[in-house]
Amino acid sequence: MNEKNDEKLPNENGQKPSKPKWWKPLWILTAISMVGSGVFTYFVLHGELILIIILEIIFSLVLGFAYYIRVRPSIKVNKLVYIFFGITPIGFGFSMLYALICGITNFGQFIVSFKPFGSWLQLCIIIGLFTIGGFIGNWFGKKRDYRLPFSLY
């Protein structure tokens, strides 16, 4: 089989599924509401124009990425989304739990007391917790065959 075809995610019949009729208006309304919120912020809330433009650019990039992962699904992109999902909420949750444990038990001060590498060891532990979160996200993705929730495919 062709490697490109292996990467696409067809439905159970092997056919490319059709999009519902609300699909196109959803993305159009999302883009309009994004631009409308920038205009509203500038004229009604008197926000700074440069800050609004920077935020609109960032939101446009995020919206474009969201559109891309929904319109052109692939296992590689979905795998990255699951790993990112694991890093952000799960890894962040582990880091917050670690911070709570360090605050209650003074474990953080104990780790930092190892001179001269204590603070680097602390940083490595936190990076390790985010990495574990990424592996857990990848594990979730494998269990779901790297299909995103609410995906059309």
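Everything here concerns the structure above.
Residues numbered from 1 in each chain as written. Predicted model: local features only at pLDDT ≥ 70, side-chain atom pairs only at ≥ 80, totals over all residues. Heavy atoms only, no water.

Colleague: How should the overall build of the chain be read in this particular structure?
Modeller: The helix and strand tally for the chain stands at 6 helices and 0 strands. Helices and strands appear in the chain in the N-to-C order α-α-α-α-α-α. The buried share among the 153 residues of the chain stands at 23%. Within the chain, counting contacts between residues at least 6 apart in sequence, those at least 24 apart form 75% of the total. Total accessible area on the chain is roughly 11,400 Å²; 72% of this is exposed by carbon and sulfur atoms. (Helix = DSSP H or I, 4+ residues; strand = E, 2+ residues; numbered from the N terminus. Buried < 20%, exposed > 50% of the residue type's maximum accessible area, 1.4 Å probe, protein only. Contact = heavy atoms within 4.5 Å. Areas by Shrake-Rupley, 256 points an atom, 1.4 Å probe, with all protein chains shown as cover.)

Colleague: Even after reading the chapter, I still don't get the nonpolar core, so can you show me in this structure?
Modeller: Grouped together as the largest cluster of nonpolar side chains are 6 residues: Ile69, Val77, Val81, Tyr82, Tyr146 and Leu148. At 3 residues, helix H4 (residues 75-105) tops the list of elements feeding residues into this core. The contacts of Ile69, once residues within four sequence positions are left out, are Val77, Val81 and Leu148. (Core = buried A, V, L, I, M, F, W, Y, C linked by side-chain atoms within 4.5 Å.)

Colleague: For this particular structure, what's the right way to read the environment of Leu63?
Modeller: Among the structural elements, Leu63 can be located in helix H3 (residues 49-71). On the basis of relative accessibility, which here comes to 19%, the residue Leu63 falls in the buried class. On a C-alpha basis, the gap between Leu63 and Met34 in space is 9.3 Å, while along the polypeptide they are 29 residues apart. In this structure Leu63 touches Trp27, Thr30 and Ala31, once residues within four positions along its chain are discounted.

Colleague: Sorry if this is basic, but what is going on with H3 here?
Modeller: Residue pairs three or four apart in sequence face the same way in an α-helix, which turns once every 3.6 residues. The first and last C-alpha atoms of H3 sit 32 Å apart over 23 residues, in line with the 33 Å expected at 1.5 Å per residue. Listing the buried residues of H3 in full gives Ile52, Glu56, Leu63 and Ile69. Buried residues along H3 sit in contact with helix H2 (23-43) and H4. (Expected span 1.5 Å × (residues − 1).)

Colleague: Even after reading the chapter, I still don't get the packing of aromatic side chains, so can you show me in this structure?
Modeller: Counting across every chain of the model gives 8 aromatic pairs. On the numbers, 5.0 Å between centres and 75° between planes, the contact of Tyr42 with Phe43 is edge-to-face. Taking 5.4 Å as the distance between ring centres and 40° as the angle between the ring planes, the aromatic pair formed by Trp139 and Phe140 counts as tilted. Members of the aromatic cluster, each reached through a chain of ring pairs, are Tyr98, Phe107, Phe110 and Phe114. (Phe/Tyr/Trp six-rings, centres within 6.5 Å; stacked < 30°, edge-to-face > 60°.)

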